[in-house]
Amino acid sequence: MVKLEVQSLVVQYGNRVAINGISFCLNSGEVLAVIGPNGAGKTSLLRALSGIQPAFSGQMLLNGQDLAQLSPIERARSMAVVPQARQLPSMFTGYQTVMLGRTPHINWLGRTRYQDEEAVQQAMQRTGTLELADRRVDELSGGEQQRLLLARALAQGSPLLLLDEPTTHLDLHYQINLMDSIRSLANDDGLAVLLVTHDLHLVAQYAHRVALLVKGEILSQGSSKQVLTPELLSQAYQIPPDAVNLAVLGL
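Residues numbered from 1 in each chain as written. Predicted model: local features only at pLDDT ≥ 70, side-chain atom pairs only at ≥ 80, totals over all residues. Heavy atoms only, no water.

Observations regarding the packing of aromatic side chains
Scanning the entire structure with this criterion turns up zero aromatic pairs. Here the basic side chain of R147 rests over the ring of Y174, its NZ or CZ set 3.9 Å away from the ring centre. (Phe/Tyr/Trp six-rings, centres within 6.5 Å; stacked < 30°, edge-to-face > 60°. Lys NZ or Arg CZ within 6 Å of the ring centre and 35° of its normal.)

Here's what the structure looks like:
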């Protein structure tokens, strides 16, 4: 079981405030989708949670423990990140890339164990990447690399999963398969999943809860039906209410 608590979080870059005092909770078995227009602070939130960008003030607690106090290895064992930008070692095979997710669990000699190989096998099977095991990363499409990033995160075996636009570069078939897998990770495996995305249709279908972020502040949070309304989306995205097509959102 895992519980993430973000309390009055402020993130700054110099004098620019990217996140302005937001608070929310995320529990095991939930998919929380963070949505909002470009520049709303969504990626800054992920950078703060993953330790890339220190918080200016506020707290981020994982099962009551301050994330800022965790060592890099402790943080890696607690959370796995699927970044938006692909930064995969070009000469690695798909299998070697996914095995990188086991780094927090491998001893100082760098020797993999049966448990590591089993975790990689299961992660690649779940993401449909077994066929990419022996192929070099620089030979793969953007969508195939994105699926390897998810497999790498799953192999890490962490209870908290942070995803930044995970369906980028994926066609509709793989988008649906990926989101089915993410929802299953929450429902069946008890992971806590924080998903940053622009795809409101997928949010409506797969998220348990939604947080609408605008200019670094949470405008609304709740179920998809509570948040994905013409009034709120019009205010957030600066579009007329009648331009919000609820049929497209799947509500």
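A few points about the nonpolar core
Residues I35, V98, L161, L163 and V193 are the most contacted members of the largest nonpolar core, which totals 48 residues. Considering every element that reaches this core, the biggest residue donor is helix 5 (residues 142-155), with seven residues. In contact with I35, not counting residues within four places along its chain, are K42, T197, L200, V203, V210, A211, L212, L213, L228, L233 and Y237. In terms of nonpolar packing, the next biggest core, distinct from the first, is built from 28 residues, I22, A40, L46 and M79 among them. (Core = buried A, V, L, I, M, F, W, Y, C linked by side-chain atoms within 4.5 Å. Buried < 20%, exposed > 50% of the residue type's maximum accessible area, 1.4 Å probe, protein only. Helix = DSSP H or I, 4+ residues; strand = E, 2+ residues; numbered from the N terminus. Contact = heavy atoms within 4.5 Å.)

With respect to the sheet that holds strand 8 (residues 192-196)
The strands that make up a sheet are held in pairs by hydrogen bonds between backbone atoms, and each pair lies either parallel or antiparallel. Taken together, six strands build an open sheet; the order of strands is 6-7-8-3-9-10 and the sheet is mixed. The open sheet terminates on both sides in strands that have one partner only, identified here as strand 6 (79-82) and strand 10 (217-222). With strand direction ignored, the average angle separating the axes of adjacent strands in the sheet is 15°. Its contacts with the sheet put helix 5 on strand 6 and strand 7 (160-164), and the angle it makes with strand 6 is roughly 175°. (Pairing = 2+ DSSP bridges. Axes fitted to C-alpha atoms, helices over the stretch in contact; angles between N-to-C directions.)

Here we look at the sheet that holds strand 4 (residues 57-62)
Spatially, four strands are ordered 2-1-4-5 in an open sheet, and the strand pairing comes out antiparallel. Taken across any chain shown, the strands that pair with only one partner, and hence form the sheet edges, are strand 2 (16-27) and strand 5 (65-66). Helix 1 (residues 42-49) contacts strand 1 (3-13), strand 2 and strand 4 of the sheet and is inclined by roughly 115° relative to strand 1.

Focus on unusual backbone geometry
Its identity as a non-glycine residue notwithstanding, N63 has a phi of 50°, on the positive side. By the secondary structure assignment, N63 is in the loop between strand 4 and strand 5. At E165, a position not held by glycine, the phi torsion is positive, near 50°. Looking at the element boundaries, E165 is found in the loop between strand 7 and helix 6 (172-187).

As for the environment of L219
On the secondary structure map, L219 appears in strand 10. Along the primary structure L219 and A236 are separated by 17 residues, whereas in three dimensions their C-alpha atoms are 7.9 Å apart. Residues contacting L219, with those up to four places away along its chain left out, are L212, V214, L232, Q235 and A236.

Concerning the layout of surface pockets
The probe, sized like a water molecule, is rolled over the atoms to show the empty space still left. Of the volumes computed, that of the second largest pocket is approximately 230 Å³. Along the wall of the second largest pocket there are 16 residues; nearest its centre are L154, A155, G157, L185 and D189. Those elements giving two or more residues to the lining of the second largest pocket turn out to be helix 4 (114-126), helix 5 and strand 7. Here the lining of the second largest pocket takes four residues from helix 4, the largest share from any one element. Classifying every residue of the lining of the second largest pocket gives ten nonpolar, three polar and three charged. (1 Å grid on protein atoms, 1.4 Å probe; cavity = no way out; pocket = protein on both sides within 12 Å on 5 of 7 lines; lining within 4 Å. Points joined across faces, edges and corners; volume = space filled by probe spheres on them. Nonpolar A, V, L, I, M, F, W, Y, C, P; charged D, E, K, R; others polar.)

Let's talk about the pairing of strand 2
Here strand 1 runs beside strand 2; their pairing, made up of nine bridges, is antiparallel. Paired with K3 across the bridge in strand 2 is N27. What sits between the antiparallel neighbours strand 1 and strand 2 is a turn of two residues, in which G14 has the positive phi angle 65°.

Notes on helix 1
Extensive coverage of helix 1 is indicated by the burial of six of its eight residues. Buried within helix 1 are the following residues: K42, S44, L45, L46, A48 and L49. G51 lies just past helix 1 and shows a positive phi near 90°.

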